[in-house]
Amino acid sequence: MSDLKTSLNAIKDKNFGYFFDKDGKCYIYHTKFGKERNSVISGNDNIESKFRDLIDDIYKENKDKFDSLKEAFENYLYIYNDKSTIHIKFDENGEFLKTKSKIVDNFSETFSKEKIDEIDFNQGNFKKDIFEKWWDKSINSAKMQGNATNLLKDEKKLVDNLKIINDASDESGNLTQLLDKLENVEGMKATARELAYWMQFRDGKFPLKDDKFPLANDASVNTAKYIFEMLNEDSKKKLEDIKKETTKTRNEEIYFNFVLDELKINENSYNLPKYYILDQFLNLIDKIKKSDLDLITKEKLDKNDESKDIKQSAYYKLHEAAYDFANLCGKADIKSNDLEGFKKLLKTHKNIIFHGIPGTGKTYTIVNNVKNIIKNENQMLITQFHPSFSYEDFIEGIKPAGIENGQLKLELKNGIFREFCDKAKEEEKGFLEKLEKGNFNEALSDHGYFFIADEINRAELSRVFGELLYALEYRGEKGKIKTQYASMRDDEDFYVPENMFLLGTMNDLDKSIDSFDLALRRRFIWQEMECDYDVIRDEIYANNIEEYAQACKKLNDKISKDIGEKYQLGHSYFLKIEFKNDEIKDSDMKKLFSNRFEALLKEYLRSEYNEKEIQRQLDHLKKLFVIEKNDDKNK
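What comes next concerns the included structure. Here the structure is a predicted model, which means the values were calculated and not measured.

What counts and how
Residues numbered from 1 in each chain as written. Predicted model: local features only at pLDDT ≥ 70, side-chain atom pairs only at ≥ 80, totals over all residues. Heavy atoms only, no water. Helix = DSSP H or I, 4+ residues; strand = E, 2+ residues; numbered from the N terminus. Buried < 20%, exposed > 50% of the residue type's maximum accessible area, 1.4 Å probe, protein only. Contact = heavy atoms within 4.5 Å. Areas by Shrake-Rupley, 256 points an atom, 1.4 Å probe, with all protein chains shown as cover. Patch = residues over 30% accessible without salt bridge, like charges linked within 9 Å, V, L, I, M, F, W, Y side chains within 5 Å. Salt bridge = Lys/Arg side-chain N within 4 Å of Asp/Glu carboxyl O. Pairing = 2+ DSSP bridges. Axes fitted to C-alpha atoms, helices over the stretch in contact; angles between N-to-C directions. Left-handed = near helix turned anticlockwise from the far one by under 90°. Nonpolar A, V, L, I, M, F, W, Y, C, P; charged D, E, K, R; others polar. Phe/Tyr/Trp six-rings, centres within 6.5 Å; stacked < 30°, edge-to-face > 60°. Core = buried A, V, L, I, M, F, W, Y, C linked by side-chain atoms within 4.5 Å. Polar contact = N/O pair within 3.5 Å; in protein donor to acceptor, adjacent residues only side chain to side chain. Parallel < 35°, antiparallel > 145°, perpendicular 65-115°, else oblique.

1. Overview of the overall build of the chain
Here is step 1 of the chain: Looking only at helices and strands, the chain has 28 helices and ten strands in total.
Here is step 2 of the chain: A buried classification covers 48% of the 635 residues belonging to the chain.
Here is step 3 of the chain: Considering only contacts in the chain between residues 6 or more positions apart, those separated by 24 or more positions represent 66%.
Here is step 4 of the chain: Carbon and sulfur atoms make up 44% of the accessible area of the chain, which amounts to about 32600 Å² in all.

2. Some points on a nonpolar patch on the surface
Here is step 1 of the chain: A cluster of nonpolar residues, I398, I403, L408, L410 and M488, forms a patch on the protein surface that exposes about 510 Å² of accessible area.
Here is step 2 of the chain: Listing elements by their share of the nonpolar patch, those giving two or more residues are β6 (396-404) and β7 (407-414).

3. Here we look at the sheet that holds strand β2 (residues 26-30)
Here is step 1 of the chain: The strand order β1-β2-β3 describes an open sheet built from three strands, whose pairing is antiparallel. Two strands lie at the open edges of the sheet, namely β1 (16-20) and β3 (38-41), each paired on one side alone. Going from strand to strand, the sheet's axes swing by 30 degrees on average, the running direction of each strand aside.
Here is step 2 of the chain: The sheet contact formed by β2 and β3 spans four bridges and is antiparallel. Note on β3: the bridge partner recorded for Y27 is V40.
Here is step 3 of the chain: Contacts from helix α2 (residues 47-80) reach β1, β2 and β3, with the element oriented near 50 degrees to β2.

4. Brief notes about the packing of helix α9 (residues 218-231) against helix α11 (residues 251-263)
Here is step 1 of the chain: Viewed as axis vectors pointing N to C, α9 and α11 meet at an angle of 65 degrees, and their least axial separation amounts to 9 Å. For the pair α9 and α11, the crossing hand works out as left-handed. From α9, S220, V221, A224, K225, I227, F228 and L231 reach across to α11, where they touch E252, I254, Y255, F256, F258, V259 and E262.
Here is step 2 of the chain: Residue classes in the contact of α9 with α11 are distributed as ten nonpolar, one polar and three charged.

5. Brief notes about the pairing of β7
Regular strands show a simple pattern: their side chains alternate between the two faces of the sheet.
Here is step 1 of the chain: With seven bridges connecting them, β6 and β7 associate as antiparallel partners. The partner of I403 across the bridge, within β7, is L408.
Here is step 2 of the chain: With antiparallel pairing between neighbouring strands as the criterion, β6 and β7 make up a hairpin whose turn holds two residues, including N405 at a positive phi of roughly 55 degrees.

6. A closer look at the packing of aromatic side chains
Here is step 1 of the chain: In total, this model carries 37 aromatic pairs according to the counting rule given.
Here is step 2 of the chain: Centre to centre, the rings of F111 and F126 are 5.5 Å apart; their planes meet at 70 degrees, and the pair counts as edge-to-face. Placement of F111 in the loop between α3 (95-108) and α4 (128-138) and of F126 in the loop between α3 and α4 is noted, with a sequence separation of 15 residues between them. There is no split in this pair, since F111 and F126 are both buried.
Here is step 3 of the chain: The interplanar angle of 40 degrees and the centroid separation of 4.9 Å between the aromatic rings of Y470 and Y474 together place this pair among those described as tilted.
Here is step 4 of the chain: Since its relative accessible area comes to 38%, Y470 is described here as partly exposed.

7. As for the sheet that holds strand β5 (residues 380-384)
Here is step 1 of the chain: Taking strand neighbours across the sheet as the criterion, the five strands line up as β5-β8-β9-β4-β10 in an open arrangement whose pairing is parallel. Strands at the two margins of the open sheet, each flanked by one partner only, are β5 and β10 (525-529). On average, adjacent strands in this sheet sit at an angle of 20 degrees to one another, irrespective of strand direction.
Here is step 2 of the chain: The sheet contacts of helix α15 (residues 339-348) involve β4 (351-356), β8 (449-454), β9 (500-507) and β10, and relative to β4 the element is tilted by about 135 degrees.

8. A short note on the nonpolar core
Here is step 1 of the chain: Within the largest apolar cluster, 97 residues are counted, with the highest numbers of intra-cluster contacts made by F73, L162, I165, I227, V259, F281 and F325.
Here is step 2 of the chain: Considering every element that reaches this core, the biggest residue donor is α2, with 14 residues.
Here is step 3 of the chain: Sequence-distant contacts of F73, defined by excluding residues within four places in its chain, comprise I88, L263, I265, I277, F281 and L318.
Here is step 4 of the chain: Grouped together as the second largest cluster of nonpolar side chains are 32 residues, Y604, L605, L621 and F625 included.

9. Remarks on the pattern of salt bridges
Here is step 1 of the chain: Under the definition given, this model contains 34 salt bridges.
Here is step 2 of the chain: The shortest N-O distance in the salt bridge between E61 and R37 comes to 3.0 Å. Placement of the pair is E61 in helix α2 and R37 in the loop between β2 and β3, with a sequence separation of 24 residues.
Here is step 3 of the chain: On the basis of relative accessible area, R37 is assigned to the buried category, the value being 11%.
Here is step 4 of the chain: Between E611 and K602 there is a salt bridge, and its shortest N-O distance comes to 3.9 Å.
Here is step 5 of the chain: Through salt bridges with shared partners, a single network forms among K602, E603, R606 and E611.

10. Regarding the environment of R463
Here is step 1 of the chain: Along the polypeptide, R463 turns up in helix α20 (residues 461-465).
Here is step 2 of the chain: In this structure, the C-alpha to C-alpha distance between R463 and Y391, residues 72 residues apart in sequence, is 6.0 Å.
Here is step 3 of the chain: For R463, the contacting residues outside a window of four places in its chain are F389, S390, Y391 and E392.

11. Some points on the environment of T365
Here is step 1 of the chain: With respect to the helices, strands and loops of the structure, T365 is situated in helix α16 (residues 362-373).
Here is step 2 of the chain: Sequence separation of T365 and L339 is 26 residues, and the distance between their C-alpha atoms is 9.4 Å.
Here is step 3 of the chain: At 2.7 Å, the side chain of T365 and the backbone oxygen of G361 are in polar contact.

12. Structural notes on the pairing of β2
Here is step 1 of the chain: Within β2, five of the five residues are buried, which leaves it mostly tucked inside the rest of the structure.
Here is step 2 of the chain: The alternating pattern of β2 places C26, I28 and H30 and Y27 and Y29 on opposite faces, both of which are buried.
Here is step 3 of the chain: As judged from the five bridges shared by β1 and β2, these two strands associate in the antiparallel manner. Its bridge partner lying in β2, F20 is registered against C26.
Here is step 4 of the chain: Linkage of β1 to β2, two consecutive antiparallel strands, is achieved through a turn of five residues, within which G24 is found at a positive phi near 90 degrees.

13. Description of the packing of α2 against α9
Here is step 1 of the chain: As a packed pair, α2 and α9 sit with axes 8 Å apart at the nearest point and diverge in direction by 130 degrees. Classed by the angle they form, the pair α2 and α9 counts as oblique. Every residue of α9 that contacts α2 at Y59, N62, K63 and F66 is listed here: I227, E229, M230 and L231.
Here is step 2 of the chain: Partitioning the contact of α2 with α9 into residue classes produces five nonpolar, one polar and two charged.

14. Concerning unusual backbone geometry
The phi torsion of most residues other than glycine is negative, and most of the peptide bonds are trans.
Here is step 1 of the chain: Its identity as a non-glycine residue notwithstanding, S112 has a phi of 60 degrees, on the positive side.
Here is step 2 of the chain: For S112, a relative accessible area of 47% corresponds to the partly exposed category.
Here is step 3 of the chain: The phi dihedral of K248 is positive, around 65 degrees, even though this residue is not glycine.
Here is step 4 of the chain: Among the secondary structure elements, K248 is positioned in the loop between α10 (235-245) and α11.
Here is step 5 of the chain: With a relative accessible area of 79%, K248 lands in the exposed category.

As C-alpha cells, then:
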C-alpha cells in the first residue's frame, strides 16, 4: 500500500485525486467531478492510463446525458410550447412574453410616459414614489443586488444609469456590445443586465422579433459556463481558440452561443425567440431538484401528450433528463441561500460566523453556497470543533510518528488549518491577479479556499487559535507571524493567504458561546440565520401549505414570547411533517409535535419550570399548533 501511495503522490496533476475506503480499496477521481465518479485502482495498474480512461468515460457520459436532455427538451417544446409549467413558461399567443413588455411599460410610468421610447431622460420628471413601487414589484423579487433605497440616495446618478441602460439595449446588436456599454453603469450592474434584457420586449407585439442578446444574470451565465466545461475536456483551450476566431467577444457570449449551437434551437418552429427559449433551458438546469419529479407526478398531462403514464410523458422526461445532467457534477439539489448575497459578503469579509437558532440549516447553507462557487472539492474543507480540539490539531504540534530503535519517535506536524493554508498559497497569486482585473467571481471560483468550522464555539477557541488572531486580521504576507514551534522550522513565518476564507457555524443556545472571547469576536463578522418560512412553502407540496406555514410562525411567536427568542424552532424541524393526499391535517401536526418538538421544548423549559408546569406549557403549545380555519381567522 505504501508503494501505491508513493506512486499516487508522485502525480502532479491538479485534476487528480485519490482516496481509500474503510476496506482499504483505493479509488482515483477527477477533482472537478468529485469522489462519486471514480475508478478502483491497484498497485499493478498504470495509474496515468487508468486516469486517462476515467476522464474519457466521464466526458462521454456527460455528452450522452446532454444529448438525452437535448432530445427531451425538443420533444417538450413540440408538445408544451403553449403552456405555463414548472421552470419553463410559455403561454398561448405569447401572453407570458407580453408580461415582459408590461414591465417596461410600467417602468416608463416612472417618467410619466406610456412608452419607453417617449422618455426624455434629461427633463427631470423622475417620479420617486412610482419608481419605488415599480422596483418592488418588478425587480426586487429577483433578488437583484442593491435595492431602491440605495439607488435613490443619488437620484441623478440613477437617472443617468437608466439612460445608459436604455441606450445600450437599443443600440447593442449582441451580448458583448451590451456588456461593454453597461460598463458605464455605476452601482447597479446586475440590475442593468436584467433591465436591458427586458427592454428588448418593448413593442408588445407577437410573435416578437428575434431577441438580440440573452438574459445574462449570474445564474444563467454560470449555468452556460457549466455546460461549456462539462462538454469540453480542455475548456480553457476551447475558450481561447474561439476567442482567436471571434476577437473582442466576451466569455459570456461564447458560453451562451455554445449552448445554443449544441441545442440547435430553431425559434421559427416554436414561434418564440431563441434567447428566450435558451433562458428557460438554462433556468431549468439551474433550478432542478429531485423533489420536482415527485411534484410532476401530481400534474395533469397535456392532451397532445399521448402517454397515459406521466413518467413516460415528454413533460416528466424533460425534468428527469435535466436532473440527471445537473447531477453529474453534483449541481442538482444544491440550494443556495441568497448566493449573490453570500458572494457580496465574501467581497468584504473573510472571517464570518453564521449563528442563530437550531434547525436553520446553517452548515447546510454554507456548504451548498460554497459548492456553488468552487470548481473542485479540494477548495473546501469542513471540520467539526469539539471540547478536545486543540492548537496542535489546528495549527501545529509535536505528535507521535512511530517507533524507532525501540523509542517513541516524535515529529512536528502541521494541523489541518495550516495544511489547508499551504494548499491555498499555491493559488494565491492567481486569486490576486484576477482581483486586480476586477474578476472577483472568477477569482473566487478558480482560486478561493474555504475552511468551514462547524460548531466553532464548542472548542476552547483562545487555545485553538493561539497567535493566529493577528494573521486572521491581516491577510497575506503582511500578516506574517511566528508560531509556537517556529524555532523547529528554521524560524519559518506563517501567514493566512488572501484567498483563504474562514467560515464558522454556531447555535446561539449553546452555553459554550462564552468561550468566544471578545478579542476573537472582533475578528469575525456575525450573520444571524432565522427560521425561513419561505423554505417551508417551497419545500412542502400541500394544498394548504400557506395555512401550515402560518401555524409554524404562530408557534414560534408564542415560544419567543413565553420562553425566549433563542428557543424558537428552525425551518428544518417543520419540514419533517408527514401527511397524505396533498393535505396537512391537525393530526399530522400533533404527531410532528409529539415526535419531534416535545422532547426538545421540554429541555428548554426544564430550567425554568417544574414538571407539572412544563407539561401545562407543552399542552398549550400543542393546542396552538393547528391549521387555522377561516372561521377562526374571522373571530
